[in-house]
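Here is what each chain is made of, one letter per residue.
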Amino acid sequence: KDASKLPLWQTMKPKKLYIPHFSDVFSRFMDTCPEVIDLLKRMLELDPKKRITATEALKHPWFQLEPKPNPSFGR
């Protein structure tokens, strides 16, 4: 992966490979809102070439759902 070529990768390299299983972690959202799972996966992609940009994220279908997500939620 290209992520291993990032500066300081060796200092931040995980000791153990952990493959997140979003379906386990976010199972309560899988049936109700698969769009948010897709957005999270794309935002948390380790490889910067594959990671969604902020502009792309704002155009993601999740933001088009009704009722509209509240961007200030949690503030």
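Residues numbered from 1 in each chain as written. Predicted model: local features only at pLDDT ≥ 70, side-chain atom pairs only at ≥ 80, totals over all residues. Heavy atoms only, no water.

A. Representation of the overall build of the protein in the model. Counting its regular elements, the protein contains five helices and zero strands. Start at the N end of the protein and walk to the C end: the helices and strands fall as α-α-α-α-α. Counting every position in the protein, which comprises 75 residues, the buried fraction comes to 16%. Sequence-distant contacts in the protein: of pairs separated by 6 or more residues, those separated by 24 or more amount to 36%. Within the structure as shown, the protein displays about 6700 Å² of accessible surface, and the carbon and sulfur contribution to it stands at 60%. (Helix = DSSP H or I, 4+ residues; strand = E, 2+ residues; numbered from the N terminus. Buried < 20%, exposed > 50% of the residue type's maximum accessible area, 1.4 Å probe, protein only. Contact = heavy atoms within 4.5 Å. Areas by Shrake-Rupley, 256 points an atom, 1.4 Å probe, with all protein chains shown as cover.)

B. Region of the structure containing the packing of aromatic side chains. A complete count under the given rule lists one aromatic pair for this structure. A ring pair is formed by Trp 62 and Phe 63, whose centres lie 4.9 Å apart and whose planes are at 70 degrees; its orientation type is edge-to-face. (Phe/Tyr/Trp six-rings, centres within 6.5 Å; stacked < 30°, edge-to-face > 60°.)

C. Structural context of the side chain of Asp 47. Checked against the element boundaries, Asp 47 lands in the loop between α4 (34–43) and α5 (54–58). Within the buried set, Asp 47 has no salt-bridge partner at all; the shortest N-O distance to an opposite charge, 4.4 Å, is to Lys 50. Apart from the residues within four sequence positions on either side, Asp 47 is in contact with Asp 2 and Ala 3. (Lys, Arg positive; Asp, Glu negative; His and termini not counted. Salt bridge = Lys/Arg side-chain N within 4 Å of Asp/Glu carboxyl O.)

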